[in-house]
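# Structure assessment
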Amino acid sequence: MRVPLVAGNWKMNTTVIEAEELVYDILDTLDRIKGVEKVLCPPFVSLAAINMMLQGSSIKLGAQNMHFETKGAYTGEISPLMLRELCEFVILGHSERRWYFGETGEMINKKLNAALTHGLKPILCVGERLEENETGRTEEIVRKQVRTALNDIKLTPDLVVAYEPVWAIGTGKAASSKQAAATIKLIRSILAELWNKDIAQNLRILYGGSVTSNNIAEFISQPEIDGALVGGASLKAEEFLNIVTQTAEIKGKPV
Ligand code: PEP
C-alpha cells in the first residue's frame, strides 16, 4: 500500500520571514488533511524556524540538496548530519542542480548513499531534457539516471523517486498524465530489476513538472503515480492546499 506523498519544493524563494508566513497560512488546514504524506522543502536557512512551527503537526520537512560528506572543508555546503536534526526528507538530483550546478550521476549516487546512511529519506529526481524527449531517448536517459543514482545502494523502503521531465519544470507545460504514468511504470520496472519486485511495488514514485490544482486530479488518478513534487504552485497557499486536498480525495490512504 503506497501512501501518496505531495512535496512542495520552494526552490530559492522566500526569506525566513516569508517562509514563516507561508507556513502560518497553510499549517492548520494542511495538518488536517488525512491520507497523504505532506512535505515542505523550504530553503536551508528557514529549516530551523519551520521545524519549530511544524512540531506536533502531521507535516514533514525536507531539504532541497545536501553534500555527501558529514563535515569538513566544503565552504557553503550542508551535511546530512546537519539536516537530520531538522528534517526527514531531502531532494537529491533535481534537474536544476544537475544542469545549473554540474551535479553528476556519480555525485548524486554519493549523496543518496550518505542520506540513507544518516537516516534521511531521499526524494531522487530523474527526467529527460526536451531534445532527449523529442528524439525518443526518454527511456535511455531515465534508465541511466536511476541506475547510476542507485549504484551499490542497498534495497530500502525509504527511497522516493520523482519523475520530473526537465521540459515540464517551471514551464507551465506539464507532461500528459499517460506519458508520466508510462515513464513511472518504467522506473518501477528498473527498481524491480535492481532490487526486487516487492520492494519496487511498495516504493513511491511521484510526478513533477508544472503541477497545479487544474491538473493534479489527472495525474493522481493514474494508478502508477503516487503523488507530486510541486514547485511554483507550492508557493501559493490556496493552490498548494487544493493540490493536497484533491490528492487525498482521489487517493488518500490511512497514514
Ligand atoms: C520542481 O521544482 O521540482 C517542479 C516540479 O517545479 P514546477 O512545479 O514549478 O514545475
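Up top is the structure.
What you are looking at is a predicted structure, and each value in this text was computed from that prediction instead of being measured. (Residues numbered from 1 in each chain as written. Predicted model: local features only at pLDDT ≥ 70, side-chain atom pairs only at ≥ 80, totals over all residues. Heavy atoms only, no water.)

On to the site of the ligand. The environment of the ligand is made up of 14 residues, and the closest members are Lys11, Glu164, Gly170, Ser210 and Gly231. With respect to the ligand, the side chain of His94 contributes an N or O atom lying 2.9 Å from an oxygen atom. When its residues are assigned to classes, the shell around the ligand shows 4 nonpolar, 8 polar and 2 charged. (Near = heavy atom within 4 Å. Polar contact = N/O pair within 3.5 Å; in protein donor to acceptor, adjacent residues only side chain to side chain. Nonpolar A, V, L, I, M, F, W, Y, C, P; charged D, E, K, R; others polar.)

Helix length check: helix 5 (residues 105-117), at 13 residues, gives a terminal C-alpha distance of 18 Å against a target of 18 Å (1.5 Å per residue), a fit within 8%. Those residues of helix 5 that sit buried are Ile108, Asn109, Lys111, Leu112, Ala114 and Ala115. The elements touched by buried residues of helix 5 are helix 3 (80-84), strand 4 (89-92), helix 4 (95-100), strand 5 (121-126) and helix 7 (138-149). (Helix = DSSP H or I, 4+ residues; strand = E, 2+ residues; numbered from the N terminus. Expected span 1.5 Å × (residues − 1). Buried < 20%, exposed > 50% of the residue type's maximum accessible area, 1.4 Å probe, protein only. Contact = heavy atoms within 4.5 Å.)

The next thing to look at is the packing of helix 1 (residues 16-32) against helix 2 (residues 47-54). In a pair of packed helices, the angle between the axes and the distance between the axes together describe the arrangement. Between helix 1 and helix 2, the shortest axis-to-axis distance is 10 Å and the interhelical angle comes to 20°. In terms of axis orientation, helix 1 runs roughly parallel to helix 2. Here helix 1 and helix 2 pass one another in a crossing that is right-handed. In this structure, helix 1 uses Val16, Ala19, Glu20, Val23, Tyr24 and Leu27 to contact helix 2, whose residues at the interface are Ala49, Ile50, Met53 and Leu54. Along the lines of polarity and charge, the residues of the contact of helix 1 with helix 2 split into 9 nonpolar, no polar and 1 charged. (Axes fitted to C-alpha atoms, helices over the stretch in contact; angles between N-to-C directions. Parallel < 35°, antiparallel > 145°, perpendicular 65-115°, else oblique. Left-handed = near helix turned anticlockwise from the far one by under 90°.)

All right, on to the environment of Ala200 then. One can find Ala200 in helix 9 (residues 197-202). With sequence-adjacent residues up to four places away left out, Ala200 is seen in contact with Arg188, Leu191 and Ala192.

There is a patch of nonpolar side chains on the surface, built from Trp99, Tyr100 and Phe101 and spanning about 410 Å² of accessible area. Among the residues examined, Trp99 registers a relative accessible area of 40% and is labelled partly exposed. (Patch = residues over 30% accessible without salt bridge, like charges linked within 9 Å, V, L, I, M, F, W, Y side chains within 5 Å. Areas by Shrake-Rupley, 256 points an atom, 1.4 Å probe, with all protein chains shown as cover. Salt bridge = Lys/Arg side-chain N within 4 Å of Asp/Glu carboxyl O.)

It is worth spelling out the pattern of salt bridges at this point. Tallied over the full model, the rule gives 15 salt bridges. Glu139 is paired through a salt bridge with Arg143; the nearest N and O atoms lie 3.5 Å apart. Remark: Arg143 and Glu139 occur in helix 7; sequence separation between them is 4 residues, near one turn of the helix. Accessibility expressed as a relative area gives 44% for Glu139, which makes it partly exposed. In this structure, Arg188 and Glu224 form a salt bridge, with 3.1 Å as the shortest nitrogen-oxygen distance. Of this pair, Arg188 sits in helix 8 (residues 177-194) while Glu224 sits in the loop between helix 10 (216-220) and strand 8 (227-230), and the two are 36 residues apart along the sequence.

So, on to the packing of aromatic side chains. Enumeration over the complete set of coordinates arrives at 2 aromatic pairs. Here the aromatic rings of Tyr207 and Phe219 are separated by 4.2 Å at their centres, their planes lie at 10°, and the arrangement is stacked. Linking Tyr207 in strand 7 (residues 204-208) with Phe219 in helix 10, this pair joins segments that are 12 residues apart in sequence. As far as the burial class goes, Tyr207 and Phe219 line up, both buried. Here the aromatic residues Tyr163, Tyr207 and Phe219 are joined through ring pairs into a cluster of three or more. Here the guanidinium or amino end of Arg97 rests over the ring plane of Phe101, the centre of that ring lying 4.3 Å away. Lying across the ring of Trp99, Arg129 places its NZ or CZ 3.7 Å from the centre. (Phe/Tyr/Trp six-rings, centres within 6.5 Å; stacked < 30°, edge-to-face > 60°. Lys NZ or Arg CZ within 6 Å of the ring centre and 35° of its normal.)

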